[in-house]
Amino acid sequence: MKLYQFPLIKIAVWFILGISISHYLCISIVQTIVMLLGSIGIAFLGHYLSRKQLKNHLLFSIAITFTFVFTGIFISQIHKDDLQPNHFTHFNYQKDTNLKVHITERLKSSTKYHRYILTIQKMNQQTVSGKIVLNIKKSELQNNFYVGQVLLVHGNIHKHFKTTNPNQFDYGRYLENKNIYGQLFSTLQDIKPLPYPIRDFRFYTDQFRQRIQTNLEKRNFPEKELAVVNALILGQQQDIAPETLKSYQSTGVVHILSVSGLHVGILLYFLHFILNYLPKNRLGTYGKLLLTLVGLWSFACVAGLAPSVVRATVMFSCIAIGLHLKRVTNIYNTTVASLIIILVFEPAFLFDIGFQLSYLAVFSLISLEPILSAFYKPKHKITRFFWKLFTVSVAAQLGTLPLSLYYFHQFPSLFFIANLVVIPLLEFIIMPLGALVVVLGYFDIVPKIMTDGLAKSIQWMNLIINQLASWDTFVLTKIPFTIGLLVVAYLLLLLFFRWLHQPKFNTALYSLLTLLAFQLLWMQKQFTQNKEELIVFHAKKQTLIAQQKNKQLTIYSDSLIEKESFETRMIDDYAMDNFTEVHSKKALKNVLFQKQKRILILNNPKIYPNVSSLDILILSHSPKLNLERFLQRYHPKLVIADASNYKNYIAWSKKTCAKLKIPFHSTYEKGFYRLN
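Trainee: Can you lay out the overall build of the protein for me, pointing to particular residues and giving the numbers?
Mentor: Broken down by element type, the protein carries 21 helices and 19 strands. Taken over the C-alpha trace, the protein has a radius of gyration of 29 Å; the compact-globule value for 676 residues is 26 Å, and the two agree within 12%. Expressed along its principal axes, the backbone C-alpha trace of the protein runs to roughly 95 × 70 × 55 Å. For the protein, buried positions account for 46% of its 676 residues. Long-range pairs, those at least 24 residues apart, make up 67% of the contacts in the protein with a sequence separation of at least 6. Of the side chains in the protein, 71 bear a positive and 36 a negative charge, and the two mean positions are spaced by 7 Å.

Trainee: Describe the packing of helix α5 (residues 201-218) against helix α14 (residues 415-442), and please don't skip the residues or the numbers.
Mentor: Running from N to C, α5 and α14 cross one another at 95°; their axes reach a closest spacing of 8 Å. Judged by the angle between their axes, α5 and α14 are roughly perpendicular. Residues Phe208, Arg211, Ile212, Asn215 and Leu216 of α5 form the contact with α14, whose own contacting residues are Val437, Val438, Gly441 and Tyr442. When the residues that make up the contact of α5 with α14 are grouped by side-chain class, the tally is 6 nonpolar, 2 polar and 1 charged.

Trainee: Give me the packing of α14 against helix α15 (residues 448-470): which residues, what numbers.
Mentor: As a packed pair, α14 and α15 sit with axes 10 Å apart at the nearest point and diverge in direction by 155°. Judged by the angle between their axes, α14 and α15 are roughly antiparallel. α15 is crossed by α14, and the crossing has left-handed handedness. Between α14 and α15, the contacting residues are Ile417, Ala418, Val421, Val422, Leu425, Ile429, Ile430, Leu433, Gly434, Leu436, Val437 and Leu440 on the first element and Met450, Thr451, Gly453, Leu454, Ser457, Ile458, Met461, Ile464, Ile465 and Leu468 on the second. Of the residues that constitute the contact of α14 with α15, the class distribution is 18 nonpolar, 4 polar and no charged.

Trainee: Break down the environment of Lys162 for me, citing the residues and quoting the values.
Mentor: Its location among the elements puts Lys162 in the loop between β5 (150-158) and α4 (171-176). Of the residues examined, Lys162 reaches a relative accessible area of 74% and is grouped as exposed.

Trainee: An account of the packing of aromatic side chains is needed here, citing residue identities and associated values.
Mentor: The full count for this structure, using the stated rule, is 31 aromatic pairs. Considering the side-chain rings of Tyr116 and Phe145, the 5.7 Å spacing of their centres and the 55° angle between planes classify their relative orientation as tilted. With Tyr116 in strand β2 (residues 113-123) and Phe145 in the loop between β4 (131-137) and β5, this pair connects stretches of sequence that are 29 residues apart. In this structure, Tyr116 and Phe145 share a single accessibility class: buried.

Trainee: Residues and numbers for the environment of Tyr510, please.
Mentor: As for its position among the elements, Tyr510 is in helix α17 (residues 505-528). A relative accessible area of 47% means that Tyr510 is categorised as partly exposed. Sequence-wise, Tyr510 and Leu495 are 15 residues apart; in three dimensions their C-alpha atoms are separated by 7.2 Å.

Trainee: I'd like a description of helix α1 (residues 7-24), backed by residues and values.
Mentor: Spanning 18 residues, α1 covers 26 Å between terminal C-alpha atoms, matching the ideal 26 Å at 1.5 Å per step. When we look at burial in α1, the residues that qualify are Ile9, Ala12, Trp14, Phe15, Gly18, Ile19, Ser22 and His23. The inward-facing, buried residues of α1 contact α3 (58-78), α4 and α11 (331-345).

Trainee: Any chance you could break down the environment of Gly304 for me, citing the residues and the numbers?
Mentor: One can find Gly304 in the loop between α9 (282-302) and α10 (307-325). Residues Gly304 and Phe201, 103 residues apart in the sequence, show an inter-C-alpha distance of 9.9 Å. Apart from the residues lying within four places of it in its own chain, the contact partners of Gly304 are Arg202, Arg209 and Gln236.

Trainee: Got a sec to walk through the nonpolar core? Specific residues and values, please.
Mentor: If you look at the biggest cluster of nonpolar residues, it comprises 38 residues, and the most contacted ones within it are Leu232, Tyr248, Ile256, Leu257, Ile430 and Met461. Looking at this core, the elements with two or more residues in it are α5, α6 (223-232), α7 (242-250), α14 and α15. Looking at this core, the element that brings in the most residues is α14, giving 9 residues. Once residues within four sequence positions are removed from consideration, Ile430 is found in contact with Leu232, Leu425, Leu454, Ser457, Ile458 and Met461. Listed in part, the 21 residues of the second largest apolar core include Leu99, Leu151, Ile157 and Leu184.

Trainee: Would you mind going over the pairing of strand β13 (residues 581-587) in detail, with residue names and values included?
Mentor: In the sheet, strand β12 (residues 552-557) pairs with β13 via 6 bridges, with the strands oriented parallel. Bridge assignment links Ser557 to a residue of β13, and that residue is Ala587. Between the parallel elements β12 and β13, the chain passes through helix α18 (residues 566-577) in a crossover that is right-handed.

Trainee: Describe in detail unusual backbone geometry, supporting the description with residues and values.
Mentor: Not every positive phi belongs to a glycine, and Asn179 is a case in point at roughly 60°. Among the secondary structure elements, Asn179 is positioned in the loop between α4 and β6 (180-186). In this structure, Gln596 takes a positive phi of about 65° despite not being glycine. With respect to the helices and strands, the residue Gln596 is situated in the loop between β14 (591-594) and β15 (597-602). With a relative accessible area of 80%, Gln596 lands in the exposed category.

Trainee: Run through the sheet that holds β13, naming residues and quoting values.
Mentor: The 5 strands lie next to each other as β13-β12-β11-β10-β19, forming an open sheet whose pairing is mixed. The open sheet has two edge strands, β13 and β19 (673-675), and neither has a second partner. In this sheet, neighbouring strand axes are inclined to one another by 20° on average, regardless of whether the strands run parallel or antiparallel. Contacts from α18 reach β10 (532-536), β11 (544-549), β12, β13 and β19, with the element oriented near 20° to β11.

Trainee: Go over a positive patch on the surface, please, and point to the residues and values.
Mentor: Together, Lys112, Lys137, Lys540, Lys541 and Lys647 make up a region of like positive charge exposed at the surface. The topology assignment puts Lys112 in the loop between β1 (96-106) and β2.

Trainee: Which residues make up the pattern of salt bridges, and what values go with them?
Mentor: Pairing between side chains of opposite charge can happen when the charged atoms of each approach one another. According to the stated counting rule, one finds 13 salt bridges in the structure shown. Its salt-bridge partner being Glu369, residue Lys388 comes within 3.3 Å of it at the nearest N-O pair. Residue Lys388 is located in helix α13 (residues 381-408), and its partner Glu369 is located in helix α12 (residues 353-374); the two are separated by 19 residues in the primary sequence. Look at Lys388 and you get partly exposed, because its relative accessible area is 43%.

Conventions and cut-offs
- Residues numbered from 1 in each chain as written.
- Predicted model: local features only at pLDDT ≥ 70, side-chain atom pairs only at ≥ 80, totals over all residues.
- Heavy atoms only, no water.
- Helix = DSSP H or I, 4+ residues; strand = E, 2+ residues; numbered from the N terminus.
- Rg over C-alpha atoms; globule rule 2.2 N^0.38 Å.
- Buried < 20%, exposed > 50% of the residue type's maximum accessible area, 1.4 Å probe, protein only.
- Contact = heavy atoms within 4.5 Å.
- Lys, Arg positive; Asp, Glu negative; His and termini not counted.
- Charge placed at Lys NZ, Arg CZ, Asp CG, Glu CD.
- Axes fitted to C-alpha atoms, helices over the stretch in contact; angles between N-to-C directions.
- Parallel < 35°, antiparallel > 145°, perpendicular 65-115°, else oblique.
- Nonpolar A, V, L, I, M, F, W, Y, C, P; charged D, E, K, R; others polar.
- Left-handed = near helix turned anticlockwise from the far one by under 90°.
- Phe/Tyr/Trp six-rings, centres within 6.5 Å; stacked < 30°, edge-to-face > 60°.
- Expected span 1.5 Å × (residues − 1).
- Core = buried A, V, L, I, M, F, W, Y, C linked by side-chain atoms within 4.5 Å.
- Pairing = 2+ DSSP bridges.
- Right-handed = clockwise from strand over helix to strand, strands pointing away.
- Patch = residues over 30% accessible without salt bridge, like charges linked within 9 Å, V, L, I, M, F, W, Y side chains within 5 Å.
- Areas by Shrake-Rupley, 256 points an atom, 1.4 Å probe, with all protein chains shown as cover.
- Salt bridge = Lys/Arg side-chain N within 4 Å of Asp/Glu carboxyl O.

The structure is reproduced here in structure tokens:
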């Protein structure tokens, strides 16, 4: 099957290319409009020449391609909030300001803060727009704010913090992809809740969820199991315990905690089954379609309109319309149509990890799963069911594997066992029973036997997943995977899928050549990372240094590094990007050598070796000494102050170095320091 012959697939490719160009390149909206109108004009000219010559003109094909590319750029630009003239970033916002805001979403809490997404209504009595993240310490906020609540806030909006360590996840960039351009760290003393909320659909769906949760809590529904119900049925993952989430990730079934195609597909089947009893006349068939679409989108709104929910709901809405029209729906056209529709309204979804994984899984399923199913045709119904589960799991896992390795650097090798056990439990017990409990819970009439049955089912599911996750030998972690390997891996998968559909010699040859390119790229990464360098990390309240020599990574630290800490993740990210592993962890020395350069770590002026020469001085834990006299004596070529020092000490040290004309590097300002 030549997929690129489908017009919608061509349009999607060009449209996505335009969105990507807008994301990575700075093009003004005026330039975009001029280029878009120009390409449309050339397309009309090409169409005229095509009709005159009675064949497709090359000019028309090229122009229509650029038209959809520029359309993608234009759509992306008009959805960027910071391009709006009244956006708060166009005003002097980085000072104490008085804000009138309302809460649009409650985020998952961090270790220290409760977090909310706020939409700004006014700033210093001036009407502005834009979204920011509000952070409030958990110790201060006992009762959570609710979605739609209006707040008066006094505070200072901060720009997103830049990454300060190598290969660190850029959280600021992640928020900007969601049109969130600032953060606010506030206390309850600076917040005044107002009694009148913004009563939009988010407010009513949040009230719907809160009422269900309150009624179930009154009936002593277990807390951990209720968090899973909120994720499975209501699309809210904020309250899931970190250890529970980690177990689901380790077994490869974390996708069931995100409302997606599995959940929406079950709902469509359920609605189709119930509404099948309506009259078969014209009024009945249109009523069935309308009620089906209302049911699907009501569920999507309750689930918070997450990218995976929107994708699945749009796709299954297209399928429902196809069933109503009694037309054979091409699954590729339906999937691509849903993708285009979503990106027209929310082009930023393209850079959402869940959105990417969701569509890759769907395309892999519809391309590979039928071929896998054809290898074996079970006779018994139960065997067919589990064989179907196995082929679906393998196809989805294969399609998302490169992206999962790139983002998460791990592979759950027991994913097929977990899916074979969990999916039947979810499909036949937890989802149907959970839907009934949620509906009856809203009216507070749910029988105790149903809540007990649902809680016990979730406990069984968690127990199975925790047991599988405990076999950590089968969870491959810390797998290095770069953007280059990601691109080549998906090119290899595309060629492999094409060869499965049309086994030709040329396709097989190209697949083997791509596999060879993947291996060469992997080997090139292995050998080129065989280098020597020293990294001074930006680690708060401690000095942390990594020294790599011939693929051996040694970590020096002045305090104990906990296993699940930020520092451990930081070291792992650096090691994976350099295709190496931590060889040893040692206590911090006063003197280190890097390519014949002498480095002195000064944390206690009373205890340091009497060195005759010095290349680099690292200030640690704000050492009390006459820094100017010390610098005049040893004349270092560079002074580094890491995050173990007080900020006022760093400012004073910087002035001292400027006075003596010695280069100064603060990890607070410039991030980590790399010495090659």
